[in-house]
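Working through the structure, step by step
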Number of protein chains: 2
Amino acid sequence: MIVRPPTAADRGAVLEALDSCGAFSAFEVEVAIGMFNEGLAGDYTLLGVEVGGALRGYACIGHASLTERSWYLYWICVHPAFQGRGVGQALQAAVEDFVRRNGGDKLVLETSARAQYGRSRHFYETAGFAVQGRIVGFYKRDEDCIVYCKALADLE
Amino acid sequence: MIVRPPTAADRGAVLEALDSCGAFSAFEVEVAIGMFNEGLAGDYTLLGVEVGGALRGYACIGHASLTERSWYLYWICVHPAFQGRGVGQALQAAVEDFVRRNGGDKLVLETSARAQYGRSRHFYETAGFAVQGRIVGFYKRDEDCIVYCKALADLE
């Protein structure tokens, strides 16, 4: 398992991971790929995990403007065939390491309360994220937004 | 009192309102003016209120991507010499009208829990916003973020 920054050559693998993981609608995949492209252009930070010669997971993060030390975790996705092998944990550790080394001390993410995201929410909660808010009817009339946050330990 | 879209000619008046209202740091004013410029370029929606021949208040809003009908209220500011005269209410009414006419049914905003924002939070709460979350230490170690939301009434 190799943690490395994704490149334009990984776009196909990222699209496959997003498409096949079952959590995202076609529109969400489109938005995620748009942000992946913006990440390649330097607007966001991208981190990836390669297994068996191909990128199987990636995360897209960015400093939250107006904050001193908070970062958003915009997207994190692992190809379903490679879930349950520690790829997500490696990615999450790489994200936290990057954020701390860049002066951050907090990760914030927004996710849907819908059923398909149950596995994602379980991942976040296991990774140490705690619910900080719930915006009722945010995504759709019957689909709330959950705001998660994780305070990062200081660098040794 | 005239409600109208701001133009590039209003940039000075907007800067004066942001600078003098006392709620925003120099960096926040810089971010707000940056978003005003992006609003003029079409990336956000800007609404303004003119009193006595000059723009005395403005709001910057935008559709929340990934949502069906939620909009962010990014900035709303009234020149302090023109507060308490209904400018803020006129602006808020214009924002809600615009959002509903464009298919929105929800306004979300994030604001600081710090003391200087007390008047702003009072304004939001009077306008019908309710607290949906609090991200501890979001802006700074000792400065939380409050997430407010207002469900908009259906168009008649």
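Residues numbered from 1 in each chain as written. Chains lettered and ligands numbered in written order. Predicted model: local features only at pLDDT ≥ 70, side-chain atom pairs only at ≥ 80, totals over all residues.

1. Observations regarding the overall build of chain A
Heads up, the condition is: The helix and strand labels rest on DSSP assignments: H or I over at least four residues marks a helix, E over at least two residues marks a strand, and numbering proceeds from the N terminus. Two things to know: the radius of gyration comes from C-alpha atoms, and the globule rule equals 2.2 Å times the number of residues to the power 0.38. Here the C-beta atoms are placed from the backbone, and a residue counts as buried if at least 20 other C-beta atoms lie within 10 Å of its own, exposed if 12 or fewer do, and partly exposed otherwise. Working definition of a contact: two residues with C-beta atoms, positioned from the backbone, lying within 7 Å.
In terms of helices and strands, chain A carries four helices and seven strands. The N-to-C order of helical and strand elements in chain A reads β-α-α-β-β-β-α-β-α-β-β. Taking 15 Å as the expected radius of gyration for a compact globule of 156 residues, we find that chain A reaches 15 Å, a close match to that expectation. With respect to the principal axes defined by its C-alpha atoms, chain A has extents near 40 × 40 × 30 Å. By residue count, 35% of the 156 residues in chain A fall in the buried class. Within chain A, contacts between residues separated by at least 24 positions form 57% of all contacts whose residues are at least 6 apart in sequence.

2. Thoughts on the relation of the copies chain B and chain A
Two chain copies, one operation linking them: a rotation about an axis together with a shift along it. Condition: In this comparison the copies share one frame, found by least squares on the C-alpha atoms of residues holding pLDDT of at least 70 in both.
The transformation that overlays chain B on chain A combines an axial shift of 0.0 Å with a rotation of 180°, and the residual RMSD is 0.0 Å. Taken together, the turn and the small shift mark the pair as related by a two-fold rotation axis. Rotation axis and chain B: the residue whose C-alpha lies nearest the axis is Gly133 of chain B, separated from it by 1.9 Å.

3. Some details on the nonpolar core
Applied cut-off: Nonpolar cores are identified as sets of buried Ala, Val, Leu, Ile, Met, Phe, Trp, Tyr and Cys residues joined via C-beta atoms within 7 Å.
Ranked by size, the top nonpolar core spans 72 residues in total, and within it Tyr58, Ala59 and Leu91 of chain A together with Tyr58 and Ala59 of chain B carry the most contacts. When residues no more than four places from it in sequence are discounted, the contact partners of Ala59 of chain B are Leu47, Leu73, Trp75, Ile76, Leu91 and Val95 of chain B.

4. A word on unusual backbone geometry
One non-glycine residue, Leu66 of chain A, lies in the positive phi region at around 75°. Locating Leu66 of chain A in the fold gives a position in the loop between β3 (54-63) and β4 (70-78).

5. Observations regarding the environment of Gly12 of chain A
All names here are of chain A. Structurally, Gly12 can be placed in helix α1 (residues 11-20). The exposed category is assigned to Gly12, around which 11 C-beta atoms lie within 10 Å. Put simply, Gly12 and Glu96 are 84 residues apart on the chain and 26 Å apart in space, counted from C-alpha to C-alpha.

6. Here we look at the interface of chain B and chain A
To keep things clear, this is the line we draw: Residues are grouped as follows: Ala, Val, Leu, Ile, Met, Phe, Trp, Tyr, Cys and Pro are nonpolar; Asp, Glu, Lys and Arg are charged; every other residue, Gly included, is polar.
Across the contact, 19 residues belong to chain B and 19 residues belong to chain A. Going through the elements one at a time, α2 (26-40), β5 (106-112), β6 (130-140) and β7 (143-151) of chain B are the ones with two or more residues in the side of chain B that touches chain A. The element best represented in the side of chain B that touches chain A is β6 of chain B, accounting for eight residues. Grouping the constituent residues of the side of chain B that touches chain A by class yields eight nonpolar, six polar and five charged.

7. Quick look at the packing of helix α1 (residues 11-20) of chain B against α2 of chain B
Residues and elements named next belong to chain B. We apply this condition: For helices, the fitted line uses only the C-alpha atoms of the stretch in contact; every axis is such a line through C-alpha atoms, and the angle between N-to-C directions lies from 0 to 180 degrees. For this classification, under 35 degrees means roughly parallel, over 145 means roughly antiparallel, 65 to 115 means roughly perpendicular, and everything else is oblique. Crossings are sorted by hand: turned counterclockwise from the far helix by less than a right angle, the near helix makes the crossing left-handed, and turned clockwise it makes it right-handed.
Where α1 contacts α2, the two axes come as close as 10 Å, and the packing angle between them is 150°. It follows from the interaxial angle that α1 and α2 lie roughly antiparallel. For α1 against α2, the interelement crossing comes out right-handed. On α2, the residues that touch Arg11, Val14, Leu15, Leu18 and Asp19 of α1 are Val29, Ala32, Ile33 and Phe36. Split into classes, the residues belonging to the contact of α1 with α2 amount to seven nonpolar, no polar and two charged.

8. Details of the pairing of β7 of chain B
Residue and element names in this part refer to chain B. So the rule is basically this: Here the rule is simple: two strands pair whenever DSSP picks up at least two bridges between them.
Of the pairings in the sheet, the one linking β5 to β7 comprises seven bridges and is antiparallel in character. When the sheet's bridge partners are listed, Ser112 is paired in β7 with Cys145. Here six bridges tie β6 to β7, and the two strands are oriented antiparallel to one another. Along β7, the bridge assignment pairs Lys140 with Glu143.

In short, geometric facts, not functional conclusions.
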